[in-house]
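Spelled out from the first residue to the last, the chains are:
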Amino acid sequence: MSKASTATPAELKRFHPYQRPAVAKKQREEEFIASLPSNVVVQFKSTEGELTGPPVNLPVETNQEQLQLLINELLKNDEPLPYSFMVDDTEVIRDVKTDILIGQHRSAENVLEIVYQPQAIFRVRAITRCSSALAGHTEAILSVSFSPDGAQLASGSGDTTVRIWDLNTETPQHTLKGHTHWVQIVAWSPNCKFLVSGSMDDTIRLWDPKSGKAIGGPLKGHSKCITSIAWEPMHLNRECNRFATASKDCTVKIWDANLRRCLFTLAQHTDPVMCVRWGGEGLIYTGSRDKTIKVWDGKDGKLVRTLEGHAHWINHLALSTDFITRSACYDHTKRRPSNPEEAQQWALERYNSFKAQSGPERLVSGSDDFTMFLWEPVSSSRVGPDGTSIGGKKPIARMTGHQQLVNHVCFSPDGRYIASAGFDKSVKLWDGTTGKFINTLRGHVGKVYQVTWSSDSRQILSASQDSTMKAWDIRTKSLKMDLPGHADEVYSVDWSPSAAGAMADKVASGGKDRILRM
């Protein structure tokens, strides 16, 4: 009998031809881990690329908390601030050895450059349960929006009404009647003085959210339904009286809420305008089904530039400054301005502080062509890291990955990330500066309609056709909480701005089941 026929099963397994590469790979990994030294030299660097302190010799097991202690010491912060730490787009979550040296298979002989980024000093609690199911609307809820100060909530419905809800008692406060068709969109002025609604009846209505009364009759001018509304930021206009409305009639109109009249019309799109945004630098951005984004001067309505690249309808736009312009003068400290001048000053300080940390205003667009583009329209064209031209009319990145149309896009409040909702049942996470893909958040079994961020940029909430909402943890890139409760598709979701203290932990959602949930 030959030697091969007398080999034991263990010996046969050892010499199995398909197992050897895997065994060899595992052996190499074990040898690599065993060869790692106990210390590594790191150099801290800011997001602007400035070196902070000298190179430091650290144990390879140094974790995130220890890195935070060290960077606070190097920066001589009076109060310790939270930071996140990145090495080549990989975040240090556990420790340097696990996440960087082993995770990136990186040599410990070279100096590790660790980029630190400040995080929100407040923390929003995780959403864990439904505290109220508020009946009242008799048709699907199409839009929900918290006021910038976090004190009130507005909802627009297919029953032609707008409702305002008291957040302290979680009860109905006012029912606003006047529209004759579905209310598609509701939007608060930055000073909370006005609420404006846009409808399928082709009109816009202004409301006083405190009294629940209409301010005059309907604002007429558009010949088709209203698709999007954006207010001029408070730091540019202390009166907070100008807003833009987009319509399927291919135009965008700029209105004065005090005078109740149209100031001028932006009319160069050739197909329905689906989204409008009013940026912090005074520019108005419009995305249309004509596959273009147009950038306008908010003062006089002159066309500044046209951004081209998408191969199909543009569904949604988002700005890196959206959160800071929406929350205006209201922040987590719960302070309140005594007059409009002080409010504008605070809003300007917050905006300038954000801009210094996050860089120039960036725009992201989501389309029916399954892609997204990241732009920097306020900047003049310049050469990017890879030698190509970016800024101005040129995109920073073309972001591909979704397998179906991109319905909704949203920047994190700190501008570091972008979340996108797709009809491919996924939420995708991207780098808000470079447009690089980070992760796919899977769990929904239906189309994802909307995404929204917590004010501390640590969590995302998604609303889906599958009747659920899901909360996602940004640090671990995983599902944090499944939030069932709705009986049908969830069309709209909003997370309260941080200004309201305890209210910052509130989320509102509405959908086909006609129930507003908080």
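Model, not experiment: these values are computed from the prediction.

Regarding the overall build of the protein chain
Then step 1. Scanning the protein chain from terminus to terminus reveals six helices and 39 strands.
Then step 2. Taking as baseline every contact in the protein chain between residues at least 6 positions apart, the subset at least 24 positions apart corresponds to 52%.
Then step 3. For the protein chain, the accessible surface area stands at approximately 22,800 Å², while carbon and sulfur atoms represent 50% of it.

Some points on the side chain of Glu232
Then step 1. Take Glu232: it is sitting in the loop between strand E15 (226-231) and strand E16 (242-247).
Then step 2. Within the structure, Glu232 has its side chain in polar contact with the side chain of Asn237 (distance 3.1 Å).
Then step 3. There is a polar contact of 2.9 Å between the side chain of Glu232 and the side chain of Arg242.
Then step 4. In this structure Glu232 touches Pro190, Asn237, Arg242 and Trp278, once residues within four positions along its chain are discounted.

Structural notes on helix H6 (residues 340-358)
Then step 1. In a regular helix each residue adds 1.5 Å, so 19 residues correspond to 27 Å; H6 covers 26 Å between its end C-alpha atoms and thus fits that length.
Then step 2. Of the residues making up H6, those classed as buried are Ala343, Gln344, Trp346, Ala347, Arg350, Tyr351, Phe354 and Ser358. Buried residues in H6, looked at end-on, bunch into an arc of 165 degrees, giving them a common side.
Then step 3. Turning to H6, the residues buried within the fold contact helix H5 (322-327).
Then step 4. Sitting at the amino-terminal end of H6 is Asn339, which places a side-chain oxygen 3.1 Å from the backbone nitrogen of Glu341.

Re the packing of aromatic side chains
Then step 1. Under the defined criterion, the tally for this structure stands at nine aromatic pairs.
Then step 2. With 5.7 Å between their ring centres and 80 degrees between their planes, Tyr83 and Tyr116 make a pair best called edge-to-face. Here the residue Tyr83 occupies a position in strand E3 (residues 83-87), and Tyr116 occupies one in strand E5 (residues 112-118), the gap between them amounting to 33 residues.
Then step 3. Members of the aromatic cluster, each reached through a chain of ring pairs, are Phe194, Trp231 and Phe243.
Then step 4. Here Arg289 stacks its cationic end above the ring of Trp313, 3.9 Å away from the centre of that ring.

How each quantity is defined
Residues numbered from 1 in each chain as written. Predicted model: local features only at pLDDT ≥ 70, side-chain atom pairs only at ≥ 80, totals over all residues. Heavy atoms only, no water. Helix = DSSP H or I, 4+ residues; strand = E, 2+ residues; numbered from the N terminus. Contact = heavy atoms within 4.5 Å. Areas by Shrake-Rupley, 256 points an atom, 1.4 Å probe, with all protein chains shown as cover. Polar contact = N/O pair within 3.5 Å; in protein donor to acceptor, adjacent residues only side chain to side chain. Expected span 1.5 Å × (residues − 1). Buried < 20%, exposed > 50% of the residue type's maximum accessible area, 1.4 Å probe, protein only. Arc of directions from axis to C-beta. Phe/Tyr/Trp six-rings, centres within 6.5 Å; stacked < 30°, edge-to-face > 60°. Lys NZ or Arg CZ within 6 Å of the ring centre and 35° of its normal.

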